[in-house]
Amino acid sequence: MTIAPMSSERPARGLFNIGVDPEEIWTLGKTIGKGAFGFVHVATSNHDAHKQAAVKLITVDDPEDVETIRKEVKILQSCNHANVVAFDNTYLNGETLWLVMEYCGGGSVADLLRFRALKQHEIHHVLSEILKGLHHLHQQHIIHRDLKSANLLLTTLGVVKVADFGVSKILLNDNLKTKTFVGTPHWMAPEIILGKEYDARCDMWSVGIVGIELAEQHPPKYQINMHGVLAAIPKAPSPTLARPSEWSALFVDFLAVLLVKEPKNRPTAETALCLPLFNAAESDAALDRVNGQSGQSSLICFIKRVCEAKKKGKLPPKPRRRAVRQGGFTYSSKTTLHTMDDETKDSVSNENDVLLGNWDTTTRTRGSGKSTTKTATRTQSSLSSSASFKFGV
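Remember, predicted model here, so these are calculated numbers, not experimental data. (Residues numbered from 1 in each chain as written. Predicted model: local features only at pLDDT ≥ 70, side-chain atom pairs only at ≥ 80, totals over all residues. Heavy atoms only, no water.)

### Some details on the side chain of Thr-184
Then comes step 1: Inspection of the secondary structure puts Thr-184 in the loop between β10 (169-170) and α4 (190-193).
Then comes step 2: Reaching out from Thr-184, the side chain makes a polar contact with the side chain of Lys-148 at a distance of 2.8 Å. (Helix = DSSP H or I, 4+ residues; strand = E, 2+ residues; numbered from the N terminus. Polar contact = N/O pair within 3.5 Å; in protein donor to acceptor, adjacent residues only side chain to side chain.)

Right, here's the structure in full:
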């Protein structure tokens, strides 16, 4: 069935429609996701069976949550771009808020990475789409602050859309900077972690991390817990690909330009789109087309096969990583959103020591009081939770 796209003509509306029953407009279907504030369902229009939407259902019993949702709605209403998920409407139905958005039938980029890493011409296409969406956001003085593969949605035609503006911010001050500590640690820019003022270029660091994630299925230091990675990002050298020789020099150089510790030395989204990686005159045609397929065409085939696998329930394990939704984070906080059981802490503590320079290769077996010795080196296959999952794409 061909699904009609969400209309790009969105008239100015109040933030919440009160007195309108959304169930007369939409019929909720299966759950397709879960966010910090509620579940996301696919919905079908009661007036047009070919029109679908993604509906986030949120219980509005906490004033602080309502304010966060209000900010997200304002951001969605101010955006109108092919590479940013489209906003349709909001309804307040009793204690439940319906946030109706464009439905992206291809899932998320994170779904693809559960099966395999992307090929280089596919990476070129995805990065180009991300930068176009970010350029639009930054023109509206909006910084995303939580850019990662899970927040990049896909249409079945291979269009990439920036989504999830739960921790995004509209910069209204004169210097267009802020200081709030938010984001998902592995993708966070050094200046956010250090508590410095930052601007839209923090998103550019995240694009670089996403580039590595697309190539290797995981962000750098993914095997390390939140506390360790927050300590490491500002201290350690800028991350790079594990095997740069296996990738084009243009891609390696692109990542190096974005993953610069000093924010003012990073390019803007607009400038990054002009880098040689996206310049057809300078880029090797073989990198953009493989076996006669463009990056987008190859991605469409991959999306189709992943969707078929998902329908059959053939999904590799999903990594657990959560965003820091607001400031005030402390390592000793008992109320932090990032909680780990003792077993998880024990299994990653030595990896933190290795990263931070304490090369102690002694690991303690939980609950036994005994210790065993292991080498600090680990193979790529042991690091990748999905490496053993066989998928012919």
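### Digging into the pairing of strand β5 (residues 87-93)
Then comes step 1: Taken across its seven residues, β5 has five buried, putting it largely inside the fold.
Then comes step 2: Both β5 and strand β6 (residues 96-102) contribute to a ladder of six bridges, which runs antiparallel. In the strand pairing of β6, Thr-90 is matched with Leu-99.
Then comes step 3: Taking the residues between adjacent antiparallel strands as the criterion, β5 and β6 are bridged by two residues, where Gly-94 takes a positive phi near 70°. (Buried < 20%, exposed > 50% of the residue type's maximum accessible area, 1.4 Å probe, protein only. Pairing = 2+ DSSP bridges.)

### Digging into the sheet that holds strand β3 (residues 38-45)
Either a parallel or an antiparallel arrangement is found when strands of a sheet pair, and the pairing is made through backbone hydrogen bonds.
Then comes step 1: An order of β1-β5-β6-β4-β3-β2 is seen for the six strands of this open sheet, with the pairing classed as mixed. In the strand order of this sheet, the two ends are held by β1 (17-18) and β2 (26-34), each with one partner.
Then comes step 2: In terms of strand pairing, strand β4 (residues 52-59) meets β6 through seven bridges, oriented antiparallel. Residue pairing for β6: Ala-54 is matched across the bridge by Met-101.
Then comes step 3: Together, β4, β5 and β6 form the strand contacts of helix α1 (residues 63-78), whose direction differs from that of β6 by roughly 25°. (Contact = heavy atoms within 4.5 Å. Axes fitted to C-alpha atoms, helices over the stretch in contact; angles between N-to-C directions.)

### Observations concerning the confidence of the model for the chain
Detailed reading of the predicted model is not advised wherever pLDDT is low.
Then comes step 1: Looking at the chain as a whole, the pLDDT averages 78, with 73% of positions reaching at least 70.
Then comes step 2: Note that pLDDT drops below 50 for residues 1-13; the model gives that stretch 23 contacts with residues more than four away or on any other chain.
Then comes step 3: Taken as a whole, residues 326-392 scores under 50 in pLDDT and shows 97 contacts with residues more than four places along the chain or in a different chain. (pLDDT = per-residue confidence, 0-100.)

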